[in-house]
Amino acid sequence: MTTPLLRQVGKTDPSTLEDLLLIMAKNMEHSLIEAGATPGKDYSIHDLYTWSTPFALEVFKKSDAITYAVEF
């Protein structure tokens, strides 16, 4: 079994930008693994976030319900 680069996360809130971005990156990684890509060889965590950012930002811009964290 292939071990993904992004760890499994528990609860996420897709109405926040940071969780939406994580969800998009996780979906992208899942698709890459299903297509036969090797984590760490064919792509990096940086790649996943670079590729998923435009999609997450489009959703973020079009939604009135999306927020962002103000403290961590």
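Our structure's up above, just so we're on the same page.
Keep in mind the model is a prediction, meaning the values are calculated, not measured.

A short note on the overall build of the protein chain
Next, step 1: Helices and strands together make up the secondary structure of the protein chain, namely two helices and zero strands.
Next, step 2: Taken over 72 residues, the protein chain has a buried fraction of 22%.
Next, step 3: Relative to all contacts within the protein chain whose residues are 6 or more apart in sequence, the contacts with residues 24 or more apart total 60%.
Next, step 4: About 5,300 Å² of surface is accessible on the protein chain, with carbon and sulfur atoms providing 58% of the total.

Quick notes on the nonpolar core
Side chains of a nonpolar character, in soluble globular proteins, are inclined to be buried together.
Next, step 1: Among the nonpolar cores identified, the biggest contains five residues, and these are Leu6, Ala25, Ala37, Tyr43 and Leu48.
Next, step 2: Ignoring anything within four residues of it in the chain, the contact list for Tyr43 reads Leu5, Glu29, Leu32, Ile33, Ala37, Thr38, Leu48 and Trp51.

With respect to the environment of Pro54
Next, step 1: Summarising the element assignment, Pro54 is placed in helix H2 (residues 45-62).
Next, step 2: Along the backbone, Pro54 and Met24 are 30 residues apart, and their C-alpha atoms lie at a distance of 9.9 Å.

Notes on the side chain of Asp19
Next, step 1: Here Asp19 shows up in helix H1 (residues 17-34).
Next, step 2: Beyond its immediate chain neighbours, meaning those up to four positions away, Asp19 contacts Thr12, Asp13 and Pro14.

Things to note about H2
Residues spaced three or four apart along an α-helix point in a common direction, a consequence of the helix completing one turn every 3.6 residues.
Next, step 1: Spanning 18 residues, H2 covers 26 Å between terminal C-alpha atoms, matching the ideal 26 Å at 1.5 Å per step.
Next, step 2: Of all bends in H2, the biggest is about 40 degrees, found at Thr53, and the proline Pro54 comes one to four residues later.
Next, step 3: Listed as buried for H2 are Leu48, Ser52 and Ala56.
Next, step 4: In this structure, the buried side of H2 is in contact with H1.
Next, step 5: At the N-terminal end of H2, a side-chain oxygen is found 3.3 Å from the backbone nitrogen of His46, two or three residues along, and the residue is Ser44.

Description of the environment of Met28
Next, step 1: Within the element layout of this structure, Met28 appears in helix H1.
Next, step 2: The spacing of Met28 and Tyr49 is 21 residues in sequence and 9.1 Å in space, taken between C-alpha atoms.
Next, step 3: Residues within four places of Met28 in sequence aside, it is in contact with Leu48, Trp51, Ser52 and Phe55.

The rules behind these values
- Residues numbered from 1 in each chain as written.
- Predicted model: local features only at pLDDT ≥ 70, side-chain atom pairs only at ≥ 80, totals over all residues.
- Heavy atoms only, no water.
- Helix = DSSP H or I, 4+ residues; strand = E, 2+ residues; numbered from the N terminus.
- Buried < 20%, exposed > 50% of the residue type's maximum accessible area, 1.4 Å probe, protein only.
- Contact = heavy atoms within 4.5 Å.
- Areas by Shrake-Rupley, 256 points an atom, 1.4 Å probe, with all protein chains shown as cover.
- Core = buried A, V, L, I, M, F, W, Y, C linked by side-chain atoms within 4.5 Å.
- Expected span 1.5 Å × (residues − 1).
- Bend = angle between axes of the 7 residues up to and from the residue.
- Polar contact = N/O pair within 3.5 Å; in protein donor to acceptor, adjacent residues only side chain to side chain.

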